Structure formats: structure tokens, C-alpha cells
Amino acid sequence: MSTQPKQFNIHEDWTVVILGFIIIGISLFIFLPEVPVFGWSNTSDLFTKVFDFANLKILLIQFLYLISIGTIGAFLIGRSVKYFLFTFPIVYLLTLIALILAGNSAIKSINLEAVIFSLIIGLAIGNFFKLPEWFRSSLSTEVFVKIGLVLLGTGVIFSDILKAGSLGLIQALVVVISVWYFAFWLCRKLKVDDELTMMISSAVSICGVSAAIATSGAIKGDSKKLSYVISIVLVTAIPMMIFMPIIAKYFNFPEEVTGAWLGGSIDTSGAVVASGTLVGETALKISTIVKFSQNVLLGLAAFAISVYWTYSHNTTSEAVESKPTLKVIWERFPKFVIGFIGASLIFSFLITPETRDGVKDSLKNLQGIWFALAFTSIGLETNFKDLLSNNSRKPLYAFLIAQLFNVIVTLIIAFLLFS
């Protein structure tokens, strides 16, 4: 089956900006999707809460809402709407299974996020069953994850960060710069390829999965390499989330220091919240602020990376010594970052706190759903053997060493600023 694009199409990044703001506009002015229930403790809970008729109705409306947005996206980008309508229900069903698994109270107690189950389910099916090539090529991974990133901007509120003081921003800036350059230097020493070097450096230093995705968009990176980095980030976040609070308690670190350490070191926002909760309310607050401060830097970092990549990997017919034009820089700039920054500015300065509070849970749920759909798709299109090949060892070593450096540097800075 052919999946040749139609003649009409809009750049993927502009499409996700359009879709992201359609979702935001609908939530603010037309229809606010309800948040479905996924929490359950036993079989009785599962049927009376998750599989309750009212909740199933919410899930059905959510499915129709998401598939409508996705269909518009497929049309605008120029992909086959027919194949999208066939693949999306399958991806959505698998993602629902992941969300239900993550909603179990026993799973929640060990702080495993839904995206981990999405990735595992996708990998299992994608590697144990031979999926048709047209099915794999019809997966909308990049679209799903970039919509999630645009919606992530609605939760990055500048006033909340500034109210907590400038220390979180100072730490975020120092950590991001120092860890990024160390990771970049280390990857070069280990002769890791350029694309993986950029993704690993950003993932370790800024905000894990989101930074890796933004960087991949900025450099037009290979999706398999992105999947590899995401897998490492998710796998390493689990032991860090569990053992860092234990280490902090053993050495009697001040709670403020521990919060800053966790927020600056752990790569996923969910894991930061989970680990901060294990320590205490103060640690939770500071860890969240520090992580939000790093999220604020995401757009700026993506822009800087796109400029650097354009200058260092000029593929135009110009001489190697010549600098690329502003037009080339703009063409390579990840346009979805504009959506992220725009959403953050609107929700920071143009939306009243009352309105923001009224829509934040629904938008956060939609953001999480798009991310979970993306991770299911990543798993379905990823060959697990590639993640375990000999060629993957050097990037893995680079990530682990850089992460250790991150943990040490962030702890030192946390003591200097918060003790």
C-alpha cells in the first residue's frame, strides 16, 4: 500500500502549532474535555471506576476529540488520512491499556509513569509481531509528541517561577550550561555521532525526554536515534527517582537542597514530582520550581541548537567556509518551539489565574495523552535489537557518565544556593 503524500501540505512543525492552539482555543472558549478516571486498587475498583459507563463515555468523547485533531493534522501535513484513521484507534487502545496499568495503586506506589508502559507495550508488539511497512510509516509519532510539547507550554507559568525567587533560575542556567558542554565534550571523546551527541547533551542537561525531542526537531534527527535516547532517559530515571531521596535522607541533606538536587538532576517531570514527594513538601515545591525553570530554557536551547547545527552542518551548495543565510537558519528552526513559547506567554500574561486554574487539569490530561500516544508509536516503530547492538554502547556510556557528572555538579550548586 502506498503512503505517498498529497500535493497539499503544510510543514509539520507549523501544523502542530496550529493543532496545539486549536486545542487551547477549544478548551478556553468552546469545550473543556473531562479528565477520565484511571486510578484503581482492585478488580472491583477497575469495573466500578475505570470501566464505569460514565467514564467510558468520557473516554469515547476523548477518542473522538483526539482522532479529529489527528485527522486534521494528517490532512494538513499531506499524509494519508485513510491510513491514519486505521492506525490511530489501535495506537489509542494500546495507550489506554498503558494508562490503566499505570493507574493501579500498586504501580503508583513505585512511581512508574504511563509513558513507560506505553513504550514497553509498543516495543513488545513492534518486535514480536511483523507490522506492515505502511502501518509503521503511518504512525504520527512526531506530530503527537510535538502537540504535547506545545501544550506543555501552558503549564510553564513565568510568575510561578519568579515568585519562588531567582535561585531556581540561576541553578537551572548554571546546570544546563555546564552539564551540556561536559556531555557534548564527552560524546566527542567517545566518537559518538553528531546527532546522538546533540540529543544526549540536551536530554541530560535540560529536561530529559522533552529536550531530546526538541533537539531532534531542531536538527531534523533520525527517529531511531531519538527512540534510543528516550529509552535511556526513561530507564535511568527510575533508579534515580528511588535512590536519590534515600541518599539525601541518609546524609541528612537539608530539604531545600534535596529538592533543588532532585529537580536539577532527574530528567522527567513526573519522576521529579514523585521523588520530591518522597522527601517532603518543601523538597517537592523546590524540585518542581527548578524543573520548571529548566523547562523555560527549552525553547531558547532549541533555538540555539538549531542555529549551531545550521552553521556546523551546512548542506547547501555554498562553500564549507561560508556561513548559512538567515533563510537557512529559519528553515531549520523547529517551528513548534514557537507554539511552546507562545502558549507559555499567553498563559503567563494574558489568561486570568481563575481561567487558567479552570482549564489546567484538562490541558494537562490532554498533554499527557498526546505524550503517551507518542511513546506507544515510538515503541511500535522501534526495533529493540537496535537498542542493544554494539553500536549503542558508546552513547550509553556517554549518557551514564554525563548523568553522573550532572548529579554531582547539581548537588554542589544546590548546596551553594539553597543551604
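Residues numbered from 1 in each chain as written. Predicted model: local features only at pLDDT ≥ 70, side-chain atom pairs only at ≥ 80, totals over all residues. Heavy atoms only, no water.

Moving on, we come to the overall build of the chain. Of regular secondary structure, the chain possesses 21 helices and zero strands. Within the chain, contacts between residues separated by at least 24 positions form 79% of all contacts whose residues are at least 6 apart in sequence. (Helix = DSSP H or I, 4+ residues; strand = E, 2+ residues; numbered from the N terminus. Contact = heavy atoms within 4.5 Å.)

This part takes up the packing of helix H13 (residues 223–250) against helix H14 (residues 255–265). The N-to-C vectors of H13 and H14 enclose an angle of 155°; their axes lie 11 Å apart at closest approach. Our classification of the angle between H13 and H14 gives roughly antiparallel. Relative to H14, H13 is oriented so that their crossing is right-handed. Here H13 contributes Met 240, Met 244, Pro 245, Ile 247 and Ala 248 to the contact with H14, which in turn contributes Thr 258, Trp 261, Leu 262 and Ser 265. Looking at the contact of H13 with H14 residue by residue, the class counts come to seven nonpolar, two polar and no charged. (Axes fitted to C-alpha atoms, helices over the stretch in contact; angles between N-to-C directions. Parallel < 35°, antiparallel > 145°, perpendicular 65-115°, else oblique. Left-handed = near helix turned anticlockwise from the far one by under 90°. Nonpolar A, V, L, I, M, F, W, Y, C, P; charged D, E, K, R; others polar.)

Here the focus is the nonpolar core. Ranked by size, the top nonpolar core spans 110 residues in total, and within it Ile 23, Leu 66, Phe 88, Ile 147, Val 229, Trp 370 and Leu 373 carry the most contacts. In this structure, Leu 66 is in contact with Phe 88, Tyr 92, Leu 366, Ile 369, Trp 370 and Leu 373, ignoring residues within four places of it in sequence. Formed by 18 residues, the second largest nonpolar core is a distinct cluster that contains Met 240, Ala 260, Ile 266 and Phe 418. (Core = buried A, V, L, I, M, F, W, Y, C linked by side-chain atoms within 4.5 Å. Buried < 20%, exposed > 50% of the residue type's maximum accessible area, 1.4 Å probe, protein only.)

Their axes nearest at 7 Å, the elements helix H8 (residues 141–152) and helix H18 (residues 336–350) cross at an angle of 25°. With respect to each other, H8 and H18 are oriented roughly parallel. Only Phe 336, Gly 339, Phe 340 and Ala 343 of H18 make contact with H8, whose side of the interface consists of Lys 146, Leu 149, Val 150 and Leu 152. Its residues assigned to classes, the contact of H8 with H18 comprises six nonpolar, one polar and one charged.

The end-to-end C-alpha separation of H8 is 16 Å, in line with the 16 Å expected for twelve residues at 1.5 Å each. The buried count for H8 comes to twelve of twelve residues, which makes it a mostly enclosed element. Regarding H8, the residues found buried are Thr 141, Glu 142, Val 143, Phe 144, Val 145, Lys 146, Ile 147, Gly 148, Leu 149, Val 150, Leu 151 and Leu 152. (Expected span 1.5 Å × (residues − 1).)

A few words now on the environment of Gly 379. Tracing the sequence through the fold places Gly 379 in helix H19 (residues 353–381). Residue classification places Gly 379 among the buried positions, given a relative accessible area of 0%. The sequence separation of Gly 379 and Gly 122 amounts to 257 residues, and the corresponding C-alpha distance is 3.8 Å.

Moving on: the side chain of Thr 95. Within the fold, Thr 95 resides in helix H4 (residues 81–102). Within polar-contact distance, the side chain of Thr 95 engages the side chain of Thr 376 at 2.9 Å. Apart from residues no more than four positions distant in its own chain, Thr 95 is found in contact with Ser 118, Ala 372, Leu 373 and Thr 376. (Polar contact = N/O pair within 3.5 Å; in protein donor to acceptor, adjacent residues only side chain to side chain.)

A word on helix H16 (residues 281–312). For H16, built from 32 residues, the straight-helix expectation of 46 Å at 1.5 Å per residue is met to within 8% by its first-to-last C-alpha distance of 45 Å. At Leu 298, H16 shows its largest bend, some 35°. (Bend = angle between axes of the 7 residues up to and from the residue.)

Right, let's talk about the packing of aromatic side chains for a bit. Applying the stated criterion to the full structure yields 20 aromatic pairs. Considering the side-chain rings of Phe 251 and Phe 253, the 6.0 Å spacing of their centres and the 20° angle between planes classify their relative orientation as stacked. Classification of Phe 253 by relative accessible area gives buried; the value is 18%. Here the aromatic residues Phe 63, Phe 84, Phe 88, Tyr 92, Phe 144 and Trp 370 are joined through ring pairs into a cluster of three or more. (Phe/Tyr/Trp six-rings, centres within 6.5 Å; stacked < 30°, edge-to-face > 60°.)

This brings us to a nonpolar patch on the surface. Residues Ile 242, Phe 243, Ile 246, Ile 247, Tyr 250 and Phe 251 make up a contiguous nonpolar surface patch of about 650 Å² in total accessible area. Assignment of secondary structure puts Ile 246 in helix H13. Since its relative accessible area comes to 48%, Ile 246 is described here as partly exposed. (Patch = residues over 30% accessible without salt bridge, like charges linked within 9 Å, V, L, I, M, F, W, Y side chains within 5 Å. Areas by Shrake-Rupley, 256 points an atom, 1.4 Å probe, with all protein chains shown as cover. Salt bridge = Lys/Arg side-chain N within 4 Å of Asp/Glu carboxyl O.)

Attention shifts here to the pattern of salt bridges. Throughout the structure, instances matching the rule amount to six salt bridges. A salt bridge links Asp 13 to Lys 146; the nearest nitrogen and oxygen atoms lie 2.7 Å apart. Within this pair, whereas Asp 13 is found in helix H1 (residues 12–30), its partner Lys 146 is found in helix H8, the two being separated by 133 residues in sequence. We note that Asp 13, like Lys 146, is buried.

The next subject is unusual backbone geometry. The backbone of Lys 191 shows a phi angle near 60°, a positive value even though the residue is not glycine. Counting through the fold element by element, Lys 191 comes out in the loop between helix H10 (167–189) and helix H11 (194–207). Positive phi, close to 55°, is recorded for Asn 252, a residue that is not glycine. Note on placement: Asn 252 falls in the loop between H13 and H14.

With that settled, consider the confidence of the model for the chain. Looking at the chain, the pLDDT average stands at 83 and 88% of residues meet or exceed 70. Residue range residues 1–6 is modelled with pLDDT below 50. Its contacts to residues more than four positions away, or to other chains, number 15 contacts. Confidence over residues 316–322 falls short of pLDDT 50; this stretch has six contacts with residues more than four positions distant or in other chains. (pLDDT = per-residue confidence, 0-100.)

Right, let's get into the side chain of Gln 62. Relative to the helices and strands, Gln 62 is located in helix H3 (residues 53–77). For Gln 62, a relative accessible area of 4% translates into the label buried. In contact with Gln 62, not counting residues within four places along its chain, are Pro 36, Tyr 92, Asn 365 and Ile 369.

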